[in-house]
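Here is what each chain is made of, one letter per residue.
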Amino acid sequence: MLKISLPDGSVREVALGTTPAEIAAAIGPGLAKAALAARVDGELRDLTRPLEADATLALVTAKDEADALDLARHDFAHVLAEAVQNLHPGTQITFGPSTDDGFYYDFAPKDRAFTEEDLPAIEAEMRRIIARDEPLIREEWEREALIARWRAEGETFKAEWAAELPAGEALTVYRAGRGEDAWLDMCRGPHLPSTGKLDPQAFKLTRVSGAYWRGDQKNAMLSRIYGTGWLSKKQLDQHLTRLEEAAKRDHRRIGQEMDLFHLQSEAQGSVFWHPNGFVLWRQLEAYMRRRLDAADYAEVKTPQLMDARQWEQSGHWGKYRENMFVVPDEVPNTEGEGAVLSGEGDLMALKPMNCPAHVLIFKQGIKSYRDLPIRMAEFGCCHRNEPHGALHGIMRVRQFTQDDAHIFVREDQLIGEVQRFCELLDAVYRDLGFEDYAVKLALRPEKRFGSDAMWDMAEEELRQAVAQSSLSDAIKAKFEELPGEGAFYAPKLEFHLTDAIGRTWQVGTIQSDRVLPDRLDASYVGEDGNRHRPVMLHRAILGTFERFIGILIEHHAGRFPLWLAPVQAVVATIVSDADGYAGEVLAKLRAAGLRAESDLRNEKINYKVREHSLAKVPALLVVGKREAEEGKVAVRRLGEKEQQVLPVDEAISLLRAEATPPDLR
RNA sequence: GCCGGGUUAGCUCAGCUGGUAGAGCAUCUGAUUUGUAAUCAGGAGGUCGUCGGUUCGAGUCCGACACCCGGCACCA
């Protein structure tokens with residue numbers, strides 16, 4: 001007999017081989033029906049998997065939403081695969097997990113990749129499979145038998161996978177339905193007891209795409225079908241609504257609507273900032289400059305183009321050449337038409353990073369240990385020739401400006417500097433409206449430079465710096481380590497912002513680098529009179545202006561706080577008799593340093609209110625006859641239905657206070 | 001770079017199986033002087049992404065290229 005402990009503290013004695021489903025049935029028919037899976041000693045398992053030892057058992061129902069969702073999504077993926085093979089015989093199955101909001105499955109199509117036009121038929125077939133309520137039965141197979149089976153069915157990807165699963169691990173197969181011809185997939189499980197547990201109205205196939213087998217560019221391109229899956233139609237509808245809301249916040253759409261910037265094919269991947277959008281940039285840059293000044297950074301400006309030899313020395317030519325824009329250094333051809341290289345093989349390259357140039361500044365003159373730390377900042381404009389498919393609005397571009405800085409430190413200063421950086425970054429994010437962000441430590445990658453001892457030390461330094469910093473407990477609680485994600489020369493701290501609708505974006509970063517100072521022979525004179533290598537901290541808070549502004553746009557959905565808003569106030573007249581007065585109000589607003597416009601058009605006030613509201617102008621100052629006579633304005637704030645009638649000077653001083661950047665309040 | 005989809009007026013989009021283009025908004029003109037999310041009327045505006053092909057005839061069919069979108073890969 002086995003002793004099975006239940007969550008209520010009771011212990012049941014059951015025979016060896018009893019299943020959680022049977023225990024659920026013994027407890028009650030309601031539970032038996034609601035049970036989706038079991039947690040056995042904390043491990044999620046199939047309801048029908050026999051118990052083999054004393055254990056704690058918790059039955060998983062829809063109330064355990066995280067588990068239930070994950071099980072359902074995984075099952076949707078299987079149902080998708082079965083549906084596709086029913087409709088498209090000859091399609092090979094490969095791999096199909098659950099995701100954050102649904103699931104996908106990768107197929108090796110027989111002749112052509114799937115398109116969105118295939119999806120409705122596949123959805124219908126999925127609903128038929130769910131309606132058939134096929135039991136999902138777990139089986140353990142011998143490796144050779146399984147490989148043979150997959151080969152016999154022409155499932156070469158599954159056969160490859162089966163052959164490579166680690167020895168000693170049970171090879172499990174799930175049978176959908178009963179009998180010899182039931183559909184099979186190799187899968188670690190667990191699964192719901194049957195497809196009928198899925199809500200046929202709670203999923204939707206959303207898109208198709210390509211995906212490399214095992215995520216490797218060198219492998220075959222598979223055809224992936226994505227879906228979103230939930231426990232109920234209501235949840236699905238809520239999710240679809242969220243997606244619609246997110247689409248309305250898309251920075252590309254708002255950028256167009258608010259006339260912030262545009263992109264065009266003649267300058268692929270580079271942003272044309274319009275006057276409105278560049279206000280955001282200027283405010284952000286001025287703010288960062290004040291912050292950096294206060295934090296003892298010295299600002300520099302370095303060349304856009306440098307000789308290829310310099311990039312060879314820094315190591316970029318070897319490691320980063322593919323992503324660099326290389327420019328021939330040409331002179332007129334004295335012996336004929338056109339131009340020729342100025343010297344043999346003379347090439348220049350646009351900088352993809354600012355770090356080498358900063359080291360070159362560091363190397364001018366002799367540096368003493370007393371000079372360190374040296375904090376060198378640059379709003380550096382970089383060019384990287386990103387793969388075409390990577391470009392995305394203003395978030396991923398080929399020309400961008402980083403709020404970059406390099407801090408040259410002695411070993412004994414390193415942790416303190418990283419800590420100082422974390423605190424500066426925290427203050428900036430809070431000022432900019434992002435209270436909620438995550439810190440991640442990217443650890444040594446497989447291919448790396450330097451000894452294990454160096455990595456042990458470098459990783460521990462960053463870990464310590466975060467732990468010792470004054471970041472809030474909430475932020476520290478979310479700290480996470482990412483094995484294998486570090487740069488080849490150093491571990492890095494990554495700072496991920498969460499926007500208003502829950503998406504996260506990596507923006508800030510800091511990494512300690514002992515390689516580049518060495519390659520470029522940077523040194524300082526130590527207390528002992530000998531030359532020493534400084535450690536170089538590469539760091540950014542916003543990351544790039546382009547991406548950060550994109551995030552700000554989406555975070556605020558274009559409704560910027562007053563200090564950032566491109567147009568802060570519009571004076572709108574009700575009748576043309578108020579035009580003169582509106583002009584006076586406008587002049588006062590501008591004299592107070594506010595970005596203001598007037599709208600004297602011959603239109604109804606309803607029309608003007610609607611138009612400026614849609615343009616997301618934060619403050620609308622309406623003036624009619626009454627206001628003109630009384631020296632007042634009717635202030636209507638964006639998003640509010642009510643207006644407040646105030647004396648002009650009072651309205652202006654309120655707006656002015658609110659328009660003060662957060663660091664100057 | 002790879003897979004799939006797309007590109008029609010300033011913007012958002014319609015245009016069935018080929019017969020040389022249409023709406024709303026914006027713009028312009030006129031009327032209207034208006035009190036908090038669209039006043040009315042009229043006009044103008046497009047070599048349908050580029051190049052090539054099929055055809056008596058191409059926005060529509062075929063091919064190449066460019067760019068965009070969704071993913072994948074990439075992201076010092």
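Just above sits the structure.
Overview of the structure.

Reading guide: rules and limits
Residues numbered from 1 in each chain as written. Chains lettered and ligands numbered in written order. Predicted model: local features only at pLDDT ≥ 70, side-chain atom pairs only at ≥ 80, totals over all residues. Heavy atoms only, no water. Near = heavy atom within 4 Å. Polar contact = N/O pair within 3.5 Å; in protein donor to acceptor, adjacent residues only side chain to side chain. Helix = DSSP H or I, 4+ residues; strand = E, 2+ residues; numbered from the N terminus. Nonpolar A, V, L, I, M, F, W, Y, C, P; charged D, E, K, R; others polar. Buried < 20%, exposed > 50% of the residue type's maximum accessible area, 1.4 Å probe, protein only. Disulfide = S-S within 2.5 Å. Salt bridge = Lys/Arg side-chain N within 4 Å of Asp/Glu carboxyl O. Pairing = 2+ DSSP bridges. 1 Å grid on protein atoms, 1.4 Å probe; cavity = no way out; pocket = protein on both sides within 12 Å on 5 of 7 lines; lining within 4 Å. Points joined across faces, edges and corners; volume = space filled by probe spheres on them. Contact = heavy atoms within 4.5 Å. Axes fitted to C-alpha atoms, helices over the stretch in contact; angles between N-to-C directions. Core = buried A, V, L, I, M, F, W, Y, C linked by side-chain atoms within 4.5 Å. Phe/Tyr/Trp six-rings, centres within 6.5 Å; stacked < 30°, edge-to-face > 60°. Lys NZ or Arg CZ within 6 Å of the ring centre and 35° of its normal. Expected span 1.5 Å × (residues − 1).

## Some words on the protein's contact with RNA strand B
Point 1. The environment of RNA strand B is formed by 53 residues, the closest being M353, H388, N602, E627 and R636.
Point 2. Among the atoms of RNA strand B close to the protein, meaning within 4 Å, 51% are from sugar or phosphate groups.
Point 3. At 2.3 Å, a side-chain N or O of R636 approaches a sugar or linking oxygen of RNA strand B.
Point 4. Considering every element that reaches the surface near RNA strand B, the biggest residue donor is helix 19 (residues 605-614), with seven residues.
Point 5. Of the residues assigned to the surface near RNA strand B, the class counts are 20 nonpolar, 19 polar and 14 charged.

## Focus on unusual backbone geometry
In most cases, non-glycine residues show a negative phi, while peptide bonds are predominantly trans.
Point 1. Here the residue pair G189 and P190 is connected by a cis peptide bond, since its omega of -10° sits within 30 degrees of zero.
Point 2. Following the sequence through the fold, P190 ends up in the loop between strand 10 (183-186) and strand 11 (203-212).
Point 3. Residues L372 and P373 are joined by a peptide bond in cis, for which omega reads 0°.
Point 4. Structurally, the position occupied by P373 is in the loop between helix 12 (355-363) and strand 21 (374-383).
Point 5. Not every positive phi belongs to a glycine, and A557 is a case in point at roughly 50°.
Point 6. Residue classification places A557 among the buried residues on the basis of a relative accessible area of 16%.

## A look at the state of the cysteines
Point 1. Counted by the stated rule, this structure contains zero disulfides.
Point 2. The closest cysteine sulfur to the non-disulfide-bonded C381 is located on C382, 6.7 Å from its own sulfur.
Point 3. Since its relative accessible area comes to 19%, C381 is described here as buried.

## Topic: the pattern of salt bridges
Point 1. Enumeration according to the criterion identifies 50 salt bridges in this entry.
Point 2. A salt bridge links E411 to R514, with the shortest nitrogen-to-oxygen separation between them at 2.8 Å. Pair noted here: E411 is in the loop between strand 22 (399-409) and helix 13 (414-431) and R514 is in the loop between strand 26 (504-513) and helix 16 (516-519), with a separation of 103 residues, a long-range link.
Point 3. Owing to a relative accessible area of 18%, R514 belongs among the buried residues under this scheme.

## Thoughts on the pairing of strand 2 (residues 11-14)
Point 1. Where strand 1 (residues 2-5) and strand 2 come together, four bridges link them in antiparallel fashion. Counterpart to L2 in the pairing with strand 2 is V14.
Point 2. The turn joining strand 1 and strand 2, which pair antiparallel and follow one another in sequence, is formed by five residues; a positive phi near 100° is taken by G9.

## Looking at empty space enclosed by the protein
Point 1. Scanning the entire structure with this criterion turns up two cavities of 30 Å³ or more.
Point 2. Size it by volume and the largest cavity reaches roughly 40 Å³.
Point 3. Lining the largest cavity are H78, V79, E82, L136, Y174, A176, W183, D185 and T195.
Point 4. Elements with a contribution of two residues or more to the lining of the largest cavity: helix 3 (65-87), strand 9 (171-176) and strand 10.
Point 5. Considering every element that reaches the lining of the largest cavity, the biggest residue donor is helix 3, with three residues.

## Some remarks on the side chain of Q419
Point 1. You can see Q419 is positioned in helix 13.
Point 2. Relative accessible area serves as the criterion here: at 19%, Q419 is assigned to the buried category.
Point 3. Excluding residues that lie within four positions of it along the chain, Q419 makes contacts with A465, Q468 and S469.

## Quick notes on the sheet that holds strand 4 (residues 43-45)
Point 1. Taken together, five strands build an open sheet; the order of strands is 2-1-5-3-4 and the sheet is mixed. Strands with a single pairing partner mark the edges of an open sheet, and in this sheet they are strand 2 and strand 4. Strand-to-strand twist of the sheet, defined as the mean angle between neighbouring strand axes without regard to direction, takes the value 35°.
Point 2. Running at roughly 70° to strand 5 (residues 55-60), helix 1 (residues 20-27) makes contact with strand 1, strand 2, strand 3 (37-40) and strand 5 of the sheet.

## Focus: the sheet that holds strand 26
Point 1. Judged by pairing direction, the sheet is mixed, and its eight strands sit side by side in the order 15-21-22-29-26-25-23-24 without closing on themselves. Of all the strands in the sheet, just strand 15 (298-299) and strand 24 (480-482) have a single pairing partner and so form its edges.
Point 2. Pairing of strand 22 with strand 29 (residues 535-544), which is carried by seven bridges, proceeds in the antiparallel orientation. Among the inter-strand pairings, I407 is bridged to a residue of strand 29, identified as L537.
Point 3. Where helix 14 (residues 452-468) meets the sheet, its contacts fall on strand 23 (437-442), strand 24, strand 25 (492-498) and strand 26, and the angle it forms with strand 23 comes to roughly 160°.

## Section: the nonpolar core
Most often, soluble globular proteins keep nonpolar side chains buried together rather than apart.
Point 1. Counting residues in hydrophobic clusters, the biggest one holds 63 residues, and the most contacted among them are Y429, L493, F495 and F548.
Point 2. Excluding its chain neighbours within four sequence positions, the residues that come into contact with F548 are L284, Y429, L432, F434, L497, V507 and L542.

## Observations concerning the layout of surface pockets
Point 1. By volume, the largest pocket is sized at about 1,300 Å³.
Point 2. No other element matches the six residues that strand 29 contributes to the lining of the largest pocket.

## Overview of the packing of aromatic side chains
Point 1. In this structure the tally under the stated criterion is 18 aromatic pairs.
Point 2. Between F261 and W273, the ring centres sit 5.7 Å apart and the planes meet at 65°, which makes this aromatic pair edge-to-face. Here F261 is found in strand 13 (residues 261-262), whereas its partner W273 is found in strand 14 (residues 272-273), with twelve residues between them in sequence. Residue F261 shares its accessibility class with W273, and that shared class is buried.
Point 3. Aromatic pair F379 and F545: ring centres 5.6 Å apart, planes at 70°, arrangement edge-to-face. Remark: F545 occurs in helix 17 (residues 545-556) and F379 occurs in strand 21; sequence separation between them is 166 residues. An identical accessibility class is assigned to F379 and F545; each is buried.
Point 4. What links up through ring pairs into an aromatic cluster is the set F261, W273, F278, W281, F379 and F545.
Point 5. The ring of W230 carries the charged tip of R73 above its face, separated from the ring centre by 4.4 Å.

## Re helix 3
Point 1. Helix length check: helix 3 (23 residues) gives 32 Å between terminal C-alpha atoms against 33 Å at 1.5 Å per residue, within 8%.
Point 2. Most of helix 3 is tucked away, with 18 of its 23 residues classed as buried.

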